[in-house]
Amino acid sequence: MCDSASPNEFAQRLDDYIDSQTHKKENLIGILHYAQEIYGYLPDNVQWHIAQKLDIPSAKVYGVVSFYSFFTMVPRGEHVVNVCTGTACFVRGSDKLKDQLESQLKIKAGETTPDNLFTLETLRCVGACGLAPVMIVDGKVHGRLHTAQEIHEVLEKYRPES
Amino acid sequence: MKLKNIEALNALKVKNRIIFETRHVTDPVSIEDAQGLSRHIMVCGGTGCSSSESPKIAECLEKELNRRGLSDQVKVFMTGCFGFCEKGPMIEIHPDNTLYVEVSTNDVVDIVEEHFIQGKQVERLLYKDPNTEERFASDLPFYHSQLRIALRNCSKIAPEDIHEYIAADGYQALAKVLIQMDPIEVIDELKKSGLRGRGGGGFPTGLKWELTRRSQADQRYIICNADEGDPGAFMDRSILEGDPHSVLEAMSIAGSTIGANQGYIYIRAEYPLAIHRLQIAIAQAREYGLLGKGILDTDFCFDIELKYGAGAFVCGEETALIHSIEGTRGEPSVKPPFPAQQGLWGKPTCVNNVETLANIPPIILQGADWYAGIGTEKSKGTKVFALAGKVNNVGLVEVPMGTTLRKIIFDIGGGIKHHKTFKAAQTGGPSGGCIPTKYLDSPIDYESLTAIGSMMGSGGLIVLDEDDCMVNIAKFFLEFTVDESCGRCTPCRVGTKRLHEILTKITEGLGTLEDLAQLEKLGNIIKDTALCGLGQSSPNPILSTLKYFRDEYIAHIVDKTCPAGVCKSLLKYEITEKCVGCTLCAKKCPINCITGSTKKRHIIDQERCLKCGACMEQCRVVGAIIRH
């Protein structure tokens, strides 16, 4: 997730990364991954900047960003909660897990909590089917979540200590 | 430290073989005889177990062993996926091959004290068969009937150490190909072995390599398809996490055979651990001169680069994958031309699945005849299945082609969870179909599965029971396909949406019998006219459930019921005369739609009822609240 560097520092890091690529245009997806790592999302101006650096139309960059579900043009919260909705998790109750999360976080999938702490999304299969149903928070897999209490305990780990 | 030639490779192998003197994989000793010997603890470091803190378990083991003065004698290694994900975290101790399941950090002290100091097994951590209650220290029923070729090294070696791979005959196949064989011989061997693409297409691998080699060009490419997009499939993930070098070696063999100097591994972004292990493996292979210029003192130069997916199922289709590597939207192209003729950047390209590649080194070393001796007439070798869903033993199962579904689900899989009744097995992911009880004894191979209306697919095998609604399952797959459709062709972009709408109608109790005819007609049109495999196979879940579970569709439409009790709109909760008027259900109801006074039978307002089932969960009187 993005750290507290200044916009200029972000831009410098991104430019350094792009400059280090031998085949820049072909590595658009890798560059977008990197940009999203540092900015947290891919707003218009970042896409435009990348288009300039790669000397390609910004419509092309937008076409790629809008195609792949990993990329987002909307800022995410501090922690991204992904519910796996793959088949194995589905038959073991991922619907109920999603309902519980929506209820506990008081947002729908695709939204971010008002305090900007959690964004809730869905994901298709991380291959941890033995732990179904799973949710992934900031890339970390939490599995075998069947009760509201278990889900609550996982979320609590990510809340700041008051 | 670059390995200059094959002699250097062999010397390194011999030097490291000592690892396998402890890991008596095929020839274990008893726990008593193991006392005093050098011991290895293999800790499962696959995604599933890592999420359950297995790296912490490894750390705690090392600390405790140190505290008890055993660090010199007992070493701890993180490995790849053991495959038996249901029972993770798992550890295996050698040379006595003792397997402990569902291990936590709280068990570490007991393990060290009892297993290593007292020399006796920790009974409570041994696997217990849910049906017979028998405990197993090794040779678990889950592994007993498996034949692990693609998964041969998973759990047996530390995947982040190239020395271990080399000790396990790693890169010997590449050496043999570069020094003793020519490309035509390699292709003939592969053709003779009968190896077919394990990603789902089932195309003969030898032929694919031959066609790529034959295409005239100044540059060719080999791509490893590690996009494993089928939900519920994790075979490739486990191979990449547990034995990444096997894929690198196979790609090098492919490169030297087809005439490519550059390989790409296209890996989905959802697999960070696999990416990490591959990055380490590639760096090590380069350091040891097994990737780069002049490999093993030959003219062969080859390197591999990682390319990342970004969450698009369609990029598992080879032409879409190629476009993705080229930096564009992952939209498939019409075939022909096939990638073998015109692929990445217009050059001949061979796209192979991870599991296909993992089979290459053993075929080269043990010979095509050995491989062709396994499996059925047209489907040779083994297949890795990701067994998941309503089965007791969720995990990875590698069996010879031709093994029956019954054996996989009821023998290896340990049967249906909670003693429920088997209903169907779903194979082939969103492109596949459901297999009902009457075909449980079908041999699993490419042709047999297609004949009964499903397909092999990449190996995902989801088990469904009496509580799964087949109409809802079909709807689930269509939801997936609608989401993942690239949008390029009308049959898929619009057709799947219409299919999904009809299914939604049916699950909401608004379907008509005409809708069934419409589903079949539209489904067949999409199969015939969609641009790529995603669209062409998208109606399969519907067509196969209509074929075998038509009665469930009819129940939804005519009787307005969901026999499995899943489709909320068709459920009705009712309070019977057995109600004692305790008011618990009324208090629990989230929208207060239950009325009634104390000690009197309560009533649910059916107009407002959400069908959430909270009242039934709360009720303490058997039969007071029923669902139908």
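Predicted model only: the values in this text are computed from it and were never measured.

Below, the discussion takes up the overall build of chain A. If you tally the helices and strands in chain A, you get seven helices and four strands. Ordering the α and β elements of chain A from the N terminus gives α-α-α-α-β-α-α-β-β-β-α. By its C-alpha atoms, chain A is 50 × 40 × 25 Å across when sized along the principal axes. Relative to its 162 residues, chain A shows a buried fraction of 38%. The long-range fraction of contacts in chain A, counting pairs at least 24 apart against all pairs at least 6 apart in sequence, stands at 57%.

Counting its secondary structure elements, chain B contains 29 helices and 19 strands. In terms of overall size, chain B behaves like a compact globule, its C-alpha atoms giving a radius of gyration of 27 Å where 628 residues would be expected to give roughly 25 Å. Along the first, second and third principal axes, the C-alpha set of chain B runs to 90 × 65 × 40 Å. Every one of the 628 residues in chain B was classed for burial, and the buried ones make up 54%. For chain B, restricting intrachain contacts to residue pairs at least 6 apart in sequence, the fraction spanning at least 24 positions comes to 72%.

Residues and elements named next belong to chain B. Spatially, the four strands line up as an open sheet ordered β2-β1-β3-β4, and their pairing is mixed. Here the strands that pair on one side only, and so sit at the sheet edges, are β2 (74–79) and β4 (98–100). In this sheet, neighbouring strand axes are inclined to one another by 20 degrees on average, regardless of whether the strands run parallel or antiparallel.

Moving on, we come to the environment of Leu211 of chain B. Counting through the fold element by element, Leu211 of chain B comes out in helix α11 (residues 205–214). Judged by local crowding, Leu211 of chain B falls into the partly exposed class, with 19 C-beta atoms found within 10 Å.

Before going further, it helps to spend a moment on unusual backbone geometry. The linkage connecting Ala132 of chain A with the following residue, Pro133 of chain A, adopts the cis geometry, with an omega of -5 degrees. Tracing the backbone through its elements, the reader meets Pro133 of chain A in the loop between β2 (118–123) and β3 (135–137). Here the residue pair Gly88 of chain B and Pro89 of chain B is connected by a cis peptide bond, since its omega of -5 degrees sits within 30 degrees of zero. Relative to the helices and strands, Pro89 of chain B is located in the loop between β2 and β3 (91–94). With a phi angle near 80 degrees, Ser155 of chain B is a residue other than glycine that sits in the positive phi range. For Ser155 of chain B, the position within the fold is in the loop between α7 (141–144) and α8 (162–167). Taking the C-beta count within 10 Å as the criterion, Ser155 of chain B has 29 such neighbours and is therefore assigned buried.

Time to look at helix α3 (residues 44–54) of chain A. Residue and element names in this part refer to chain A. Within the span of α3, buried status applies to Val46, Gln47, Ile50 and Leu54. Buried positions in α3, seen along its axis, are confined to an arc of 100 degrees and lie on one side of it. When the buried face of α3 is taken as reference, the exposed residues oriented beyond 90 degrees from it are Asp44, Asn45 and Gln52. Contacts from the buried residues of α3 go to α2 (28–39) and α4 (58–67). Note on α3: the residue one or two positions beyond its end, Asp55, has a positive phi of about 60 degrees.

Domain boundaries in chain A define domain 1 (7–67) and domain 2 (79–158). Computed from C-alpha coordinates alone, the two centres of domain 1 of chain A and domain 2 of chain A are separated by 29 Å.

A separate point is the sheet that holds β2 of chain A. All names here are of chain A. Overall, mixed pairing links the four strands, which are arranged β2-β1-β3-β4 in an open sheet. Looking at strand neighbours, the two that pair on one side only are β2 and β4 (140–142), the edges of this open sheet. Taking each pair of neighbouring strands and ignoring which way they run, the sheet shows an average axis angle of 25 degrees. Bridge analysis of strand β1 (residues 79–84) against β2 gives six bridges, and the strand direction is parallel. Note on β2: the bridge partner recorded for His79 is Phe118. In the packing of helix α6 (residues 94–105) onto the sheet, the strands contacted are β1, β2 and β3, and the crossing angle to β1 comes to about 155 degrees.

Moving on: the interface of chain A and chain B. Listed by partner, the interface residues are 34 residues for chain A and 39 residues for chain B. For the side of chain A that touches chain B, the elements supplying multiple residues, two or more each, are α2, α4, α5 (87–91) and β4 of chain A.

Domain parsing of chain B yields domain 1 (29–137), domain 2 (205–371), domain 3 (382–465), domain 4 (470–559) and domain 5 (572–627). Placing a centre on the C-alpha atoms of domain 2 of chain B and another on those of domain 5 of chain B gives a separation of 59 Å.

Within the largest apolar cluster, 213 residues are counted, with the highest numbers of intra-cluster contacts made by Val134 of chain A together with Val247 and Ala386 of chain B. Here the element with the most residues in this core is helix α21 (residues 470–484) of chain B; it accounts for eight residues. Ignoring any residue separated from it by four or fewer positions in sequence, one finds Ala386 of chain B in contact with Cys129 of chain A together with Gly232, Ala233, Phe234, Met235, Leu396, Gly459, Gly460 and Leu461 of chain B.

Moving on: the packing of helix α13 (residues 244–258) of chain B against helix α14 (residues 272–287) of chain B. Each pair of packed helices can be described by the angle between their axes along with the distance between the axes. Residues and elements named next belong to chain B. Where α13 contacts α14, the axes come no closer than 9 Å and their chain directions differ by 55 degrees. With respect to each other, α13 and α14 are oriented oblique. Helix-helix and strand crossings are classified by hand; for α13 and α14 the assignment is right-handed. Contact residues: α13 offers Pro244, His245 and Leu248, while α14 offers Arg277, Leu278, Ala281, Ile282 and Ala285.

In this section: the pairing of β1 of chain A. Residues and elements named next belong to chain A. Counting buried positions along β1 gives five out of six residues, so the element sits mostly inside the fold. Of the strand pairs in this sheet, β1 and β3 are connected by three bridges, and their pairing is antiparallel. By the bridge assignment, Asn82 is partnered in β3 with Ile136.

Here the focus is the packing of helix α24 (residues 513–529) of chain B against helix α26 (residues 540–548) of chain B. All names here are of chain B. Packing of α24 against α26 leaves a shortest axis separation of 10 Å and a crossing angle of 135 degrees. On the basis of their axis angle, the class for α24 and α26 is oblique. Two packed elements cross with a definite hand, and for α24 against α26 that hand is left-handed. Mapping the contact onto sequence places Leu516, Leu519, Glu520 and Gly523 in α24 and Ile542, Leu543 and Leu546 in α26. Residues of the contact of α24 with α26, tallied by class, amount to five nonpolar, one polar and one charged.

Criteria and thresholds
Residues numbered from 1 in each chain as written. Chains lettered and ligands numbered in written order. Predicted model: local features only at pLDDT ≥ 70, side-chain atom pairs only at ≥ 80, totals over all residues. Helix = DSSP H or I, 4+ residues; strand = E, 2+ residues; numbered from the N terminus. Buried ≥ 20, exposed ≤ 12 C-beta atoms within 10 Å, placed from the backbone. Contact = placed C-beta atoms within 7 Å. Rg over C-alpha atoms; globule rule 2.2 N^0.38 Å. Pairing = 2+ DSSP bridges. Axes fitted to C-alpha atoms, helices over the stretch in contact; angles between N-to-C directions. Arc of directions from axis to C-beta. Domains from an automatic or database assignment. Core = buried A, V, L, I, M, F, W, Y, C linked by C-beta atoms within 7 Å. Parallel < 35°, antiparallel > 145°, perpendicular 65-115°, else oblique. Left-handed = near helix turned anticlockwise from the far one by under 90°. Nonpolar A, V, L, I, M, F, W, Y, C, P; charged D, E, K, R; others polar.

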